Amino acid sequence: MTAITTSSASSGTTSARWAAPAHFTGAALLGAIGLAHLLVVHAFGGADTPAEEAINELSARTTTTLIEGGRQLSVFDLNTGYSVGMGLLGMLFGLVVISAVRAAPQLIARWSLFNGVCVVAAAGVFWIALLYFPEPVIVISALATLCFAAVFVAGSRSVRSR
């Protein structure tokens, strides 16, 4: 049985006690994926294998412009930039979601747009993980998706005034 508590009259929601911790867990898991990526790949990754070094050298020598007449970038630069950017985005997504829900708990009302966006973001990371990432990222992103989906479907309910 789901424990329901009534929050203050000003928020207009009843909340399941588990909804906020589940939402927090989903956000923390996605944030942890981003942080782990930055630390493992970019900060403490160690030396590359000879095969990786060969790819790095080739991609560093292969340049391109994304906009005609624009800045020349190597494929290595683009790959590194996208990688760091996505790790940072994942980490900050988790922090923003946690901060938003702490400041405005009504955001996690059942079927809310905010919850829907969180489910879609987590499911997108899960899908990408299935295609390209190792098993720990698949499992962690699946758990994050399940946390957000549970809150989306069975979390807090909006109470309408009559």
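Everything here concerns the structure above.
The rules behind the values
- Residues numbered from 1 in each chain as written.
- Predicted model: local features only at pLDDT ≥ 70, side-chain atom pairs only at ≥ 80, totals over all residues.
- Heavy atoms only, no water.
- Helix = DSSP H or I, 4+ residues; strand = E, 2+ residues; numbered from the N terminus.
- Contact = heavy atoms within 4.5 Å.
- Core = buried A, V, L, I, M, F, W, Y, C linked by side-chain atoms within 4.5 Å.
- Buried < 20%, exposed > 50% of the residue type's maximum accessible area, 1.4 Å probe, protein only.
- Axes fitted to C-alpha atoms, helices over the stretch in contact; angles between N-to-C directions.
- Parallel < 35°, antiparallel > 145°, perpendicular 65-115°, else oblique.
- Left-handed = near helix turned anticlockwise from the far one by under 90°.
- 1 Å grid on protein atoms, 1.4 Å probe; cavity = no way out; pocket = protein on both sides within 12 Å on 5 of 7 lines; lining within 4 Å.
- Points joined across faces, edges and corners; volume = space filled by probe spheres on them.
- Nonpolar A, V, L, I, M, F, W, Y, C, P; charged D, E, K, R; others polar.

Novice: If you had to explain the side chain of Ser 59 to someone new, which residues and values would you point to?
Specialist: Here Ser 59 shows up in helix H2 (residues 50-61). Aside from chain neighbours lying at most four places away, what touches Ser 59 is Ser 74, Val 75 and Phe 76.

Novice: With reference to specific residues and values, describe the nonpolar core.
Specialist: One finds Ala 27, Leu 30, Val 97 and Phe 148 to be the most contacted residues of the largest nonpolar core, which totals 13 residues. Of all the elements in the fold, those that place two or more residues in this core are helix H1 (19-43), helix H3 (75-103), helix H4 (113-132) and helix H5 (135-154). Here Leu 30 is in contact with Gly 90, Phe 93, Ala 122, Val 125, Ala 144 and Phe 148, once residues within four sequence places are set aside. Judged by nonpolar contacts, the second largest core, of six residues, contains Ala 19, Ala 22, Val 101 and Ile 108.

Novice: Just give me the short version of the packing of H1 against H5, but keep the residues and values in it.
Specialist: Relative to each other, H1 and H5 sit at 150°, their axes nearing to 8 Å. One way to sum up the angle between H1 and H5 is to call them roughly antiparallel. The handedness of the crossing between H1 and H5 comes out as left-handed. Facing Ala 19, Ala 22, His 23, Thr 25, Gly 26, Ala 27, Leu 29, Leu 30 and Ile 33 of H1, the residues of H5 in contact are Val 137, Ile 140, Ser 141, Leu 143, Ala 144, Cys 147, Phe 148 and Val 151.

Novice: How would you explain unusual backbone geometry if you had to name every residue and give the values?
Specialist: The backbone phi angle of Trp 111 is positive, close to 65°, even though this residue is not glycine. Position of Trp 111 among the secondary structure elements: in the loop between H3 and H4. For Trp 111, a relative accessible area of 54% translates into the label exposed.

Novice: Lay out the layout of surface pockets with the relevant residues and their values.
Specialist: Picture a little ball the size of a water molecule; that probe, rolled over the atoms, points out where space is still empty. Reported here for the largest pocket is a volume of approximately 1,200 Å³. Lining of the largest pocket is provided by 35 residues; of these, His 37, Val 41, His 42, Ser 83 and Phe 133 occupy positions nearest its centre. For the lining of the largest pocket, the secondary structure elements donating two or more residues are H1, H2, H3, H4 and H5. Residues that form the lining of the largest pocket fall into these classes: 22 nonpolar, 11 polar and two charged.

Novice: Summarise the environment of Gly 90; cite the residues concerned and give the values.
Specialist: Position of Gly 90 among the secondary structure elements: in helix H3. Considered as a pair, Gly 90 and Ala 122 are 32 residues apart in the sequence and their alpha carbons are 9.9 Å apart.

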